[in-house]
Amino acid sequence: MLAAVMAGRAGLSVLVLEHNDSYGKKLSVTGNGKCNYTNLYQSIECYRGSDTEASFKIIQKFGPDKIIDFMRSLGIEPYKRCGREFDDARKVYVYPASESAADFTEAFQVEMNALKVKHKTRLHVCGIEKKEGCFNVTTIPSGEEDMTNAFSYKSRFVLVSAGGLAAPETGSDGSMLKIVKNSGIKVSKMTPALTKIYTKENLQNLAGVRMTGKISLMHEERVYTKEVGEIQFGTKAVSGIPAMQLSSLINDRNDLLLLDFFPNMSDNETMTYLEERRRRLKWHPAASFLKGLFPPKFGAYILEKLALKKSLTVDELKIDDLSKIKDLTKYMLLHIDKKGDFGEAQVTHGGILLSECTKNLEAKNVSGLYFAGEILDTDGICGGYNLTWAFASAYTAIQEIINKLHE
Ligand SMILES: Cc1cc2nc3c(=O)[nH]c(=O)nc-3n(C[C@H](O)[C@H](O)[C@H](O)COP(=O)(O)OP(=O)(O)OC[C@H]3O[C@@H](n4cnc5c(N)ncnc54)[C@H](O)[C@@H]3O)c2cc1C
């Protein structure tokens, strides 16, 4: 849609093809319905893929300032929210001032209509062929399987921005990837990213609890990466932004998660704190020891593990009990069963290898065929980085098409 608007503004004849009933179905559900469309903090570490240096060069051409300016040209004013708790202080998340992803999507549609950009919905692209310097893009009405009502559109350039495999109910069903692979373009292994993490432990008693803490991914007793933020418990899963960030890095079913709900205290400091709390609350029932410190369900879950006598008061808690509470809350170990599938993921890790494309995202082996967005082998962490990539890559591809047509 961004490329279509830019091409329309440059006076090109454009046709946008979409197999859903409307455009931007996924865009309309981003950021919990608020659309976190970019982030003022940009660094190569915010992106993943086989050639993040190449990806980042593309981001630098059309970074947050340019994205904000472009969206303002569609009437979308930015609302900048400072980093989430425990974030890098430089992180500034950008949303539309209306905090509405639906508004954001509509702004593109209004501009496309005003520019008289031709667009057709409910048309499934089932083939792209290049003959004598011209592309034939074959479509069939969505939902039909045979070619009775097939129709081909001719074009000098084609830009494919059909998404990856994540959230297929929004339209990104991988159909274009099959077509791309058939034309000999290499695609890396694709896995779900930014998704929940399923645990072997049954966490039913914690389901629905949300708590701030540190979550680390461990492998062979070594922490190899950690995230801090709001951790959400499900029946047999953990989610929330820090868990989703880690999910992208899980590749071994034997990995462990280590959850720390005293992330700002050392082991000794946690013990000292618990001892001081024992002194302060000495007349209270032991069953209330963690009330007011953790969500009630979580406190009850921890104390249940100690199997304390009902009549016990806080001052009767032994140092050994405090040590167990510390271990359960500072070193909570969960065994990873698997990560959420594509249906549960926000983004796809992997895709068309950037090495198959020129620096302006044209297929090296099919001139005139361009790619943008999640279909490429680049994904971002949470925080507006995936839309930043989608916009920057679309800008890069369409600018080159515009330049070639104006030559
Ligand atoms: C729940 C959720 C929340 C998210 N929140 C954020 C967020 O806040 N910030 C952020 O930066 N990122 C977010 N993302 C990720 C971001 O939305 C995607 O990375 C981004 O939309 C990718 O853009 P795209 O244009 O490459 O693909 P898509 O948005 O998937 O669009 C591809 C389009 O191509 C169409 N299509 C596919 N195949 C065909 C075909 N054969 N014929 C015709 N049409 C076809 C699809 O129907 C679809 O409309 C979120 C994702 C999800 C699922």
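Thresholds applied
- Residues numbered from 1 in each chain as written.
- Predicted model: local features only at pLDDT ≥ 70, side-chain atom pairs only at ≥ 80, totals over all residues.
- Helix = DSSP H or I, 4+ residues; strand = E, 2+ residues; numbered from the N terminus.
- Buried ≥ 20, exposed ≤ 12 C-beta atoms within 10 Å, placed from the backbone.
- Near = placed C-beta within 6 Å.
- Nonpolar A, V, L, I, M, F, W, Y, C, P; charged D, E, K, R; others polar.
- Pairing = 2+ DSSP bridges.
- Expected span 1.5 Å × (residues − 1).
- Arc of directions from axis to C-beta.
- Contact = placed C-beta atoms within 7 Å.
- Domains from an automatic or database assignment.
- Core = buried A, V, L, I, M, F, W, Y, C linked by C-beta atoms within 7 Å.
- Axes fitted to C-alpha atoms, helices over the stretch in contact; angles between N-to-C directions.
- Parallel < 35°, antiparallel > 145°, perpendicular 65-115°, else oblique.
- Left-handed = near helix turned anticlockwise from the far one by under 90°.

Helix and strand counts for the chain stand at eleven helices and 20 strands. With the C-alpha coordinates of the chain rotated into their principal frame, the extents come out at 85 × 40 × 35 Å. In the chain, which comprises 407 residues, the share counted as buried stands at 42%.

So, on to the site of the ligand. In the vicinity of the ligand lie 35 residues, with Gly31, Gly163, Gly171, Gly373 and Leu387 positioned nearest. If you list the elements that add at least two residues to the shell around the ligand, you get helix H2 (30-33), strand S7 (123-131), helix H6 (175-182) and helix H11 (385-406). Ranked by residue count, the leading element in the shell around the ligand is H11, at four residues. Residue classes in the shell around the ligand are distributed as 14 nonpolar, 16 polar and five charged.

Note: strands within a sheet are paired through backbone hydrogen bonds, in either parallel or antiparallel orientation. A sheet is described by the order of its strands in space; here three strands give the open sequence S2-S5-S4, paired in antiparallel fashion. Strand pairing shows two members of the sheet lacking a second neighbour, strand S2 (38-39) and strand S4 (78-82), which therefore form its edges. Relative to strand S5 (residues 92-96), S2 runs antiparallel, the two being bridged by two bridges. By the bridge assignment, Thr38 is partnered in S5 with Val94.

With that settled, consider helix H10 (residues 319-330). With twelve residues, H10 extends 16 Å between its outermost C-alpha atoms, agreeing within 8% with the 16 Å of an ideal straight helix rising 1.5 Å per residue. Those residues of H10 not exposed but buried are Ile325, Thr329 and Lys330. One side of H10 carries all its buried residues, which in axial view fall inside an arc of 105°. Residues of H10 that are buried make contact with strand S16 (256-260), helix H8 (267-280), helix H9 (296-306) and strand S17 (332-339).

With that settled, the discussion passes to the domain arrangement of the chain. Entries for the chain in the domain assignment read domain 1 (2-191 + 349-406) and domain 2 (196-340). On a C-alpha basis, the centroid separation for the pair domain 1 and domain 2 is 40 Å. Listed by partner, the interface residues are seven residues for domain 1 and seven residues for domain 2. Grouping the constituent residues of the side of domain 1 that touches domain 2 by class yields three nonpolar, one polar and three charged.

The next subject is the nonpolar core. In terms of nonpolar packing, the biggest core is built from 95 residues, with Ala3, Leu159, Tyr370, Phe371 and Ala397 touching the most fellow members. When residues of this core are assigned to their parent elements, the largest contribution, eleven residues, is made by H11. A domain-level breakdown of this core finds at least three residues from each of domain 1 (2-191 + 349-406) and domain 2 (196-340). Other than its neighbours up to four places away in sequence, Ala397 contacts Ala3, Leu159, Asn360, Leu361, Tyr370, Phe371 and Ala372. Ranked by size, the runner-up nonpolar core spans six residues in total, among them Leu281, Ala286, Phe289 and Leu303.

Before going further, it helps to examine the sheet that holds strand S13 (residues 210-219). The antiparallel closed barrel is built from six strands, whose spatial order is S12-S15-S14-S13-S16-S17. With strand direction ignored, the average angle separating the axes of adjacent strands in the sheet is 45°. Of the strand pairs in this sheet, S13 and strand S14 (residues 222-233) are connected by ten bridges, and their pairing is antiparallel. Bridge pairing in S14 places Met211 opposite Ile231.

At Glu99, a residue that is not glycine, the phi angle is positive and equals roughly 50°. Here Leu194, not a glycine, exhibits a phi torsion of approximately 50°, which is positive. With respect to the element layout, Leu194 can be found in the loop between strand S11 (191-193) and strand S12 (197-199).

It is at 10 Å that the axes of helix H1 (residues 2-9) and helix H5 (residues 101-114) come closest, and there the two elements cross at 25°. By the angle class used here, H1 and H5 are roughly parallel. Handedness of the crossing formed by H1 with H5: left-handed. Contact with H1, carried on its side by Ala4, Val5 and Gly8, involves Phe108, Glu111 and Met112 of H5 and no other residues of that element. Residue composition of the contact of H1 with H5, grouped by class: four nonpolar, one polar and one charged.

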